[in-house]
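Single-letter residue listing:
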Amino acid sequence: MCAASRIGALNRQGMQALSEGNLANADFLLSQALRQAMTLGLSGFEAKIRNNLGLVCRLRGRTDEAVAHFSAALAHLEAKVGTQHRVYTAIAGNLDAAKAEVATCVQH
């Protein structure tokens, strides 16, 4: 199996774990996928995985970390496809929601 296929498989397994509510395993699998994508310089994979990892971090209460992942994903996408892409818009929505959570926590 080539490196890109392994990364894709880890990402899919991580998202499957997320859908099953196994957040710890999702975090582990997606973190592995991210590490491998970064090592190989696969920014397209990195953006997708960072978004997915951001979702996991949000659900685990690590909102600041989620914001960092969503922001990095957007930076990769902006460089690759611009800001008018539907995926960019979806991740921007995830970032806005995470930032709103951070602001709510700061106010309390």
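Our structure's up above, just so we're on the same page.
Here's a quick rundown of the structure. Predicted model, so just to flag it, every value in this text is computed and none were measured.

Calculation criteria
Residues numbered from 1 in each chain as written. Predicted model: local features only at pLDDT ≥ 70, side-chain atom pairs only at ≥ 80, totals over all residues. Heavy atoms only, no water. Axes fitted to C-alpha atoms, helices over the stretch in contact; angles between N-to-C directions. Helix = DSSP H or I, 4+ residues; strand = E, 2+ residues; numbered from the N terminus. Parallel < 35°, antiparallel > 145°, perpendicular 65-115°, else oblique. Left-handed = near helix turned anticlockwise from the far one by under 90°. Contact = heavy atoms within 4.5 Å. Nonpolar A, V, L, I, M, F, W, Y, C, P; charged D, E, K, R; others polar. Expected span 1.5 Å × (residues − 1). Buried < 20%, exposed > 50% of the residue type's maximum accessible area, 1.4 Å probe, protein only. Arc of directions from axis to C-beta.

1. Here we look at the packing of helix H1 (residues 3–19) against helix H2 (residues 23–40)
Between H1 and H2, whose axes approach to 8 Å, the crossing angle comes to 160°. Here H1 lies roughly antiparallel to H2, going by the angle between them. The element H1 and its partner H2 pack so that their crossing is left-handed. From H1, Ala3, Arg6, Ile7, Leu10, Asn11, Gln13, Gly14, Met15, Ala17 and Leu18 reach across to H2, where they touch Leu23, Asn25, Ala26, Leu29, Leu30, Gln32, Ala33, Gln36, Ala37 and Leu40. Its residues placed into classes, the contact of H1 with H2 shows 13 nonpolar, six polar and one charged.

2. Remarks on the packing of H2 against helix H3 (residues 43–59)
As a packed pair, H2 and H3 sit with axes 9 Å apart at the nearest point and diverge in direction by 155°. Accordingly, the angle class assigned to the pair H2 and H3 is roughly antiparallel. Judged by the sense of rotation from one axis to the other, the crossing of H2 with H3 is left-handed. Taking contact as the criterion, the partners of Leu23, Ala26, Asp27, Leu30, Ser31, Ala33, Leu34, Ala37 and Met38 in H2 are, on H3, Phe45, Glu46, Ile49, Arg50, Asn52, Leu53, Val56 and Leu59.

3. What about helix H4 (residues 63–81)?
With 19 residues, H4 extends 26 Å from end C-alpha to end C-alpha; this agrees with the ideal 27 Å at 1.5 Å per step. Every buried residue of H4 is accounted for by Thr63, Ala66, Val67, His69, Phe70, Ala73, Leu74 and Leu77. Across the axial projection of H4, the buried residues extend over an arc of 165°, all falling on one side. Facing away from the buried side of H4, by more than 90 degrees, are the exposed residues Asp64 and Ala79. Positive phi appears at Gly82, one or two residues downstream of H4, with a value of about 90°.

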